[in-house]
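A look at the structure
Residue strings, one per chain:
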Amino acid sequence: MAPDRGSTHSGNSTTRDVEERNDINDEESVLEDADSGEENESTTFLQNTRRRSEAQSFLDDQNSQGQNFTLRGVLVGLVIGVIICFSNTYFGLQTGWVSGMAMPAALIGFAYFKIIARWINYPFTPVENVLVQTVAGAVGTMPLGCGFVGVVPALNFLMKTEENGPIVLSTWQLIVWALGLCFFGMVIAVPLRREVIIREKLKFPSGTATALMIGVLHDKPQENQLSKVENGLDTYSRRSQDLTSSTSNIAGIPPKNAGPKQTPSLFGETTNSAMGNDHADEWKAKIRQLIYAFALSALYTIFSYFIPQVHNIPIFGLSLAQNWLWTLNPSPAYVGQGIIMGPATTLHMLLGAIFGWGVLSPLAKNKGWAPAPVEDWTHGSKGWIVWVSLAVMLADSVVSLGWLVLRPLIFQGPVYLSQLRAYVRDHGFRSVFRLENASKGAYTMISPIEPVSKHSELEEPDAPPSHLVSNRTISVLFVISVIVCVVAVKVVFGKLVPVASILLAIFLALLLSLMGVRALGETDLNPVSGISKLTQLFFALITPSSSPNAITINLLAGAISESGALQAGDMMQDLKTGHLMGAAPNAQFYGQMIGSAAGAVVSAVVYKLYTSVYEVPGGLFQVPTAYVWIFTARLVTGQGLPDMAVCIF
């Protein structure tokens, strides 16, 4: 039996030896995998560090360029902005819709400097193009920012005598009013830049698209489509669109061996003569297209001025045109705005037009809810369907902005609440109010969720501090802008509006602008209309309906909040473009201030010009937004719904 037991023991030993060797091999394999993973992670970290360093160097280089802020760039931006201002005032009085036109401004600026390239001393660079479109956009959006397409026409033409109206303002009063509103919104936006652009990397699609176009305008031709020239746009467009791996969140600069680097000449053309000629021919063709489109639109506008019948073409027959206003106005301005706005917005507008004028208007007429002629704003179906539109916009603004407030509470609230509970459990409830440290003289873990590793994502590169707007500057300018706003409103409207109401409107603009900027960064839509309606609703709660100036206070408060939200959003879009292109934020900020001041004066003069020449409200300028403003003010201040609108609800 001994040999059998010995044989059995020997077999077990052999089995255990094999298992032990396998275990050792597995452990070695795990260690090798861990070492390999550690090595890969280290390699990735080093690559990210290098790419971030290159991105930071790019930002430093771009920010230090003298072309970040130039007199010629400001002047060209102002000229382009004045053209946009005329267009937006004209289009806004007709439809209530305006556009910043950042991309057309950048394109026109580039085309101008392209034409005069041989006569200028130093090249027109991408960062200077950013300045041009920033200034132009600031000038061009002032018709909406200063209320010249909504609030001011409502004050001038739609207020009743019992409402202490109408309030007719002279040209100098319009200028003072506009200058009072045109600054504080952009000052509000600057402190938000680091949070929403640098840390959260919100999309701001229009700002990103403008940067992409500027990069294409100034980019160098690609050889055989195999390589891209290494520039800042390549770095940041991929990162902002989240199209690459986590390394692109650091910098996204292509490797140094991506391809041969070509030497640029003026406007980014290469030294290769054949490629440069092709590039020049391409841009000559594009400039010709721009000139042809401009000439065609100008000729049609002149033609329609002498033959106004083309503004109302009865494409569905004379009967429908006369009874239901179903006509076509083939305006080049509408076509251009539709191209800029894109199908996502214009299709919804088309759906609203079909439903409102093709379904609701005949329904209200046949039911006797709007017995007057269709074009009558007071008793006709044109005024009736406005109440439906107003209800839709109010509901949308309340729900959309309410969700922006509740979403952080829903998703982040439990995390913060659990951290607060843990802190109170460890240190006592009173320590929360005494602001005591978690521990005195001891080290603590930075994050209770996950430890900090050297391989953690690096901080987003940003412009050098010398090219940022300092907190001290922002604080001083904010106080000055608030004082200017209060003084301007008091000078223009006197005792009609108390100082406390103006300050409260500015405070609401500050809070609501935060939500507006975030919505703009995520969806590319700045809900300025909803923000103004929420402000009107809030002021209706605190302003006695018996006050003879309740309507005036309500309108002006809404205008102040809308102006602040619009300027903050416009500033943030431009800062996004500048960050992608490496432009200096302080240069953009000062350019925006110059453009806003000039736009305030120009938009006031243009508004006075249009209202002096044309009948408002009239056949050409229906000012639909002004009716929405005055209807909302009357509704929320306690006047209730008109008899024809009660049936809606």
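The structure presented is a predicted model; accordingly, all values stated were derived computationally and were not measured.

1. Digging into the pattern of salt bridges
Across all of its chains, the model carries four salt bridges by this definition. Between R72 and E128 there is a salt bridge; the shortest N-O distance is 2.6 Å. Of this pair, R72 sits in helix α2 (residues 71–95) while E128 sits in helix α4 (residues 126–140), placing them 56 residues apart in sequence. The pair R72 / E128 is uniform in exposure class, with both members buried.

2. Remarks on the packing of α4 against helix α10 (residues 205–218)
Their axes nearest at 10 Å, the elements α4 and α10 cross at an angle of 135°. The angle between α4 and α10 falls in the class oblique. Read as a crossing pair, α4 and α10 show a hand that is right-handed. When α4 is examined against α10, the residues P126, N129, V130 and Q133 are found in contact with a partner set consisting of T210, I214, L217 and H218. Looking at the contact of α4 with α10, its residues break down into four nonpolar, four polar and no charged.

3. Focus: the environment of N164
Position of N164 among the secondary structure elements: in the loop between α6 (151–158) and α7 (171–181). The sequence separation of N164 and N549 amounts to 385 residues, and the corresponding C-alpha distance is 6.8 Å. Discounting residues that sit within four places of it in the chain, N164 has contacts with M159, P548 and N549.

4. Points about α4
Compared with the 21 Å implied by 1.5 Å per residue over 15 residues, the 21 Å span of α4 between its first and last C-alpha is a close match. Most of α4 is tucked away: 14 of the 15 residues are buried.

5. Some thoughts on the packing of aromatic side chains
Per the counting criterion, the structure on display carries 15 aromatic pairs. Geometrically, the ring pair formed by F316 and W326 is edge-to-face, given 6.3 Å between the ring centres and 75° between the ring planes. Linking F316 in the loop between α12 (273–306) and α13 (318–324) with W326 in the loop between α13 and α14 (332–341), this pair joins segments that are ten residues apart in sequence. According to the relative accessible area criterion, F316 is exposed, its value standing at 53%. Residue classification places W326 among the partly exposed positions, given a relative accessible area of 25%.

6. A closer look at α7
Along an α-helix, a turn takes 3.6 residues, which lines up residues three or four apart on a common side. Among the residues of α7, Q173, L174, I175, W177, A178, G180 and L181 are the ones counted as buried. The inward-facing, buried residues of α7 abut α5 (142–145), α6, α8 (184–189), α18 (471–493), α21 (550–581) and α22 (585–613).

7. Digging into the packing of α7 against α22
Helix-helix packing is described using two parameters, namely the angle between the two axes and the distance between the axes. Viewed as axis vectors pointing N to C, α7 and α22 meet at an angle of 145°, and their least axial separation amounts to 8 Å. With respect to the hand of their crossing, α7 and α22 are arranged in right-handed fashion. Across the interface between the two elements, T171, L174, I175, A178 and L179 of α7 pack against A597, A600, V601, A604, V605, Y607 and K608 of α22. Residue composition of the contact of α7 with α22, by class: ten nonpolar, one polar and one charged.

8. Describing the side chain of Q536
Of note, Q536 is situated in helix α20 (residues 528–542). Once you skip the residues sitting within four places of it in the chain, Q536 turns out to touch N554, L555, G558, W629, T632, A633 and V636.

9. Digging into the side chain of Q133
Turning to its location among the elements, Q133 is positioned in helix α4. Within polar-contact distance, the side chain of Q133 engages the side chain of T134 at 3.3 Å. Not counting the four nearest positions on each side in its chain, Q133 is found in contact with A102, A105, A106, T210, I214, D574 and T577.

10. Side note on the confidence of the model for the protein
Averaged over all residues, the pLDDT of the protein is 76; the fraction at 70 or higher stands at 71%. The secondary structure element of the protein with the lowest average pLDDT is helix α11 (residues 232–240), at 40, and the one with the highest is α7, at 95. Predicted confidence is poor over residues 220–273, with pLDDT under 50, and the contacts of this stretch with residues over four places away or in other chains come to 119 contacts. Low pLDDT, under 50, characterises residues 435–456; the predicted model gives this stretch 17 contacts beyond four residues in sequence or across chains.

Definitions and limits used
Residues numbered from 1 in each chain as written. Predicted model: local features only at pLDDT ≥ 70, side-chain atom pairs only at ≥ 80, totals over all residues. Heavy atoms only, no water. Salt bridge = Lys/Arg side-chain N within 4 Å of Asp/Glu carboxyl O. Helix = DSSP H or I, 4+ residues; strand = E, 2+ residues; numbered from the N terminus. Buried < 20%, exposed > 50% of the residue type's maximum accessible area, 1.4 Å probe, protein only. Axes fitted to C-alpha atoms, helices over the stretch in contact; angles between N-to-C directions. Parallel < 35°, antiparallel > 145°, perpendicular 65-115°, else oblique. Left-handed = near helix turned anticlockwise from the far one by under 90°. Contact = heavy atoms within 4.5 Å. Nonpolar A, V, L, I, M, F, W, Y, C, P; charged D, E, K, R; others polar. Expected span 1.5 Å × (residues − 1). Phe/Tyr/Trp six-rings, centres within 6.5 Å; stacked < 30°, edge-to-face > 60°. Polar contact = N/O pair within 3.5 Å; in protein donor to acceptor, adjacent residues only side chain to side chain. pLDDT = per-residue confidence, 0-100.

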